[in-house]
Amino acid sequence: MSIKNQVTLIGNLGKDPEIMTFESGSKNAKFSLATNETYTNNNGEAITQTEWHNIVVWGKRVNVVENYLQKGSEVCVTGKLTHRTYEDKEGIKRSITEVKADEIVMFGGRKSATNGDASTNQTTEEE
């Protein structure tokens with residue numbers, strides 16, 4: 001049996017994607033994704049718990065993110081869970097967990113659309 005590092009999340013962008021262009025001309029996109037879980041507590045009250053996930057996108061998918069996604073966009077992200085450490089501006093060592101997106105399925109139209117278009121768009125690593 002093969003063990004695979006794969007995560008699938010459906011949620012909404014917490015802010016507009018941040019696009020970085022490197023000296024080589026390659027780009028990446030980063031955004032936060034909120035997922036919600038609702039449950040009923042012992043008092044019968046509905047409680048919604050929000051989890052935040054850091055998403056990183058590389059390659060041709062960055063153009064799709066840049067042109068179609070904005071704060072509030074609903075997407076399904078499939079990718080690989082990654083962990084890395086870095087040093088912040090004050091020299092403090094930090095660690096972060098991210099999802100490196102291999103596939104993004106968008107629910108809705110272009111970010112400039114105001115007509116509530118319900119089309120679904122998909123981008124995968126092969127694109």
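Reading the values: rules and limits
Residues numbered from 1 in each chain as written. Predicted model: local features only at pLDDT ≥ 70, side-chain atom pairs only at ≥ 80, totals over all residues. Heavy atoms only, no water. Helix = DSSP H or I, 4+ residues; strand = E, 2+ residues; numbered from the N terminus. Pairing = 2+ DSSP bridges. Buried < 20%, exposed > 50% of the residue type's maximum accessible area, 1.4 Å probe, protein only. Arc of directions from axis to C-beta. Core = buried A, V, L, I, M, F, W, Y, C linked by side-chain atoms within 4.5 Å. Contact = heavy atoms within 4.5 Å. Patch = residues over 30% accessible without salt bridge, like charges linked within 9 Å, V, L, I, M, F, W, Y side chains within 5 Å. Areas by Shrake-Rupley, 256 points an atom, 1.4 Å probe, with all protein chains shown as cover. Salt bridge = Lys/Arg side-chain N within 4 Å of Asp/Glu carboxyl O. Polar contact = N/O pair within 3.5 Å; in protein donor to acceptor, adjacent residues only side chain to side chain.

Draft legend 1. How the structure looks around the environment of Met106. Inspection of the secondary structure puts Met106 in strand β6 (residues 93-107). For the pair Met106 and Leu69, spaced 37 residues apart in sequence, the C-alpha to C-alpha distance is 8.2 Å.

Draft legend 2. Fine view of the pairing of strand β5 (residues 74-87). As paired strands, strand β1 (residues 7-13) and β5 are joined by six bridges and run antiparallel to one another. The residue bridging Gly11 from the neighbouring strand is Val75, located in β5. Judged from the 14 bridges that link them, β5 and β6 form a sheet pairing that is antiparallel. Paired with Arg84 across the two strands is Ile96, which belongs to β6. Linkage of β5 to β6, two consecutive antiparallel strands, is achieved through a turn of five residues, within which Gly91 is found at a positive phi near 85°.

Draft legend 3. Inspection of helix α1 (residues 61-68) at higher detail. Buried within α1 are the following residues: Arg61, Val62, Val64 and Val65. The arc that holds the buried residues of α1, viewed along the axis, is 160°, so those residues lie on one side.

Draft legend 4. Focus on the nonpolar core. The biggest cluster of nonpolar side chains holds 18 residues, and the ones touching the most others in it are Phe31, Leu33, Ile55, Val57, Val75 and Val77. Residue assignment for this core shows that the elements contributing at least two residues are β1, β3 (27-40), β4 (46-58), α1, β5 and β6. Apart from residues lying up to four places away in sequence, Val77 is in contact with Val7, Thr8, Leu9, Phe31, Leu33, Ile55, Val99, Ala101 and Glu103.

Draft legend 5. Fine view of the pairing of β1. Bridge analysis of β1 against β3 gives two bridges, and the strand direction is antiparallel. What sits directly across from Asn12, in β3, is Ala34.

Draft legend 6. Representation of a nonpolar patch on the surface within the structure. Together, Met20, Phe22 and Trp58 make up an exposed nonpolar region whose accessible area comes to about 270 Å². Tracing the chain through its elements places Met20 in strand β2 (residues 18-21). When its relative accessible area of 42% is taken as the criterion, Met20 is described as partly exposed.

Draft legend 7. Structural view of the side chain of His53. Looking at where His53 falls in the secondary structure, it is placed in strand β4. Separated by 2.8 Å, the side chains of His53 and Thr35 make a polar contact. Excluding residues that lie within four positions of it along the chain, His53 makes contacts with Leu9, Phe31, Ser32, Leu33 and Thr35.

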